[in-house]
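# Observations on the model geometry
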Amino acid sequence: DAKTTQPPSMDCAEGRAANLPCNHSTISGNEYVYWYRQIHSQGPQYIIHGLKNNETNEMASLIITEDRKSSTLILPHATLRDTAVYYCIVRVRNYGQNFVFGPGTRLSVLP
Amino acid sequence: DAGITQSPRHKVTETGTPVTLRCHQTENHRYMYWYRQDPGHGLRLIHYSYGVKDTDKGEVSDGYSVSRSKTEDFLLTLESATSSQTSVYFCAIGYDTDTQYFGPGTRLTVL
């Protein structure tokens, strides 16, 4: 009963924007959308999160649809160092609520 | 990253021996977590702590115990290691109920 659905893999040309989609059609009103990434053999790295408004930080932008059933993570100018597995996670803001990492999307940034 | 270290980074041990993994933070964050990552299972929460001497079980706590006697240290103990506990273990910290920041991981092999 996965809460999120992501494509298993995507390619992106270096310097171009990478748009990673995520479907979360059963999201509840109090659940946030989080994005993490994991570069091979390293710990997961926090990217961004949001509830219903679009969010932007120094790493990425998060676009959440008005019905909140899907979202897109945008890396504006992908570099080779952005090659990683990207995880979209839906959860409530509760310290006892762990982050459930599904299979994610393996993004390959190509030179 | 985020002032988290894990020790040891790699360990090989034999079935039946006790093992303790240490997570140390310099951020003075309240919340600390232990996860394990296995192929096909993503990250799964073992135990978490919401303060000194305050801990609780996660999704896969059987065979593991934890202790937190100081804000900065969260110890994970395998009382009698089994081969099924061969995994990569990640510690995470958080200053509120929101974002978790992960350590570099410990690769444990139980022979």
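### What about the sheet that holds strand E1 (residues 9–13) of chain A?
One key point about sheets: their strands pair by backbone hydrogen bonds, in either a parallel or an antiparallel sense. Residues and elements named next belong to chain A. Spatially, five strands are ordered E1-E9-E8-E3-E4 in an open sheet, and the strand pairing comes out mixed. Two strands close off the open sheet at either side, each with one partner strand: E1 and strand E4 (45–50). Adjacent strand axes in the sheet meet at a mean angle of 25° when their direction is disregarded. Across three bridges, the pairing between strand E8 (residues 84–92) and strand E9 (residues 105–110) is antiparallel. Bridging across to E9, Val 85 finds its partner in Arg 106.

### So, the pattern of salt bridges
Side chains that carry opposite charge are capable of pairing whenever their charged atoms lie near each other. Under the counting rule described, the total for this entry stands at six salt bridges over all chains. As a salt-bridge pair, A:Asp82 and A:Arg37 come within 2.7 Å of each other at their nearest N and O atoms. Residue A:Asp82 is located in the loop between strand E7 (70–75) and E8, and its partner A:Arg37 is located in strand E3 (residues 31–38); the two are separated by 45 residues in the primary sequence. Comparing A:Asp82 with A:Arg37, the two get one shared label, buried. Between B:Asp73 and B:Lys70 there is a salt bridge; the shortest N-O distance is 3.3 Å.

### A few points about the layout of surface pockets
A volume near 820 Å³ is recorded for the largest pocket. If you trace the largest pocket, you find 36 residues lining it, with A:Gln38, A:Tyr87, B:Gln37, B:Asp38 and B:Leu43 closest to the centre. When residues of the lining of the largest pocket are traced back to their parent elements, those giving at least two are E8 and E9 of chain A together with strand E4 (31–38), strand E5 (42–51), strand E9 (87–94) and strand E11 (106–110) of chain B. Looking at the lining of the largest pocket residue by residue, the class counts come to 14 nonpolar, 16 polar and six charged.

### A short note on unusual backbone geometry
B:Ser7 connects to B:Pro8 through a cis peptide bond whose omega is -10°. Relative to the assigned elements, B:Pro8 resides in the loop between strand E1 (4–7) and strand E2 (10–13). One non-glycine residue with positive phi stands out, namely A:Arg68, at about 65°. Within the element layout of this structure, A:Arg68 appears in the loop between strand E6 (61–64) and E7. For A:Arg68, a relative accessible area of 9% translates into the label buried. A positive phi angle, near 65°, is found at B:Lys53, a position not held by glycine.

### Overview of the confidence of the model for chain B
This prediction gives chain B a mean pLDDT of 92; 97% of its residues lie at or above 70. The least confident element of chain B is E5(B), whose mean pLDDT is 89; the most confident is strand E8 (residues 73–78) of chain B, at 98.

### Some remarks on the interface of chain A and chain B
Listed as interface residues are 19 residues of chain A and, on the opposing side, 20 residues of chain B. Buried area between chain A and chain B, both sides added, is near 1,600 Å², and the carbon and sulfur share of it is 52%. Linking chain A with chain B are zero salt bridges, by the criterion used here. Across the contact surface, chain A and chain B share two residue pairs in polar contact (both at pLDDT 80 or more). Of all elements in the fold, only E3, E4 and E8 of chain A reach the threshold of two or more residues within the side of chain A that touches chain B. Element by element, the count of residues in the side of chain A that touches chain B is highest for E3(A), at three residues.

The rules behind these values
- Residues numbered from 1 in each chain as written.
- Chains lettered and ligands numbered in written order.
- Predicted model: local features only at pLDDT ≥ 70, side-chain atom pairs only at ≥ 80, totals over all residues.
- Heavy atoms only, no water.
- Pairing = 2+ DSSP bridges.
- Helix = DSSP H or I, 4+ residues; strand = E, 2+ residues; numbered from the N terminus.
- Axes fitted to C-alpha atoms, helices over the stretch in contact; angles between N-to-C directions.
- Salt bridge = Lys/Arg side-chain N within 4 Å of Asp/Glu carboxyl O.
- Buried < 20%, exposed > 50% of the residue type's maximum accessible area, 1.4 Å probe, protein only.
- 1 Å grid on protein atoms, 1.4 Å probe; cavity = no way out; pocket = protein on both sides within 12 Å on 5 of 7 lines; lining within 4 Å.
- Points joined across faces, edges and corners; volume = space filled by probe spheres on them.
- Nonpolar A, V, L, I, M, F, W, Y, C, P; charged D, E, K, R; others polar.
- pLDDT = per-residue confidence, 0-100.
- Contact = heavy atoms within 4.5 Å.
- Buried area = accessible area lost by both parts, 1.4 Å probe.
- Polar contact = N/O pair within 3.5 Å; in protein donor to acceptor, adjacent residues only side chain to side chain.

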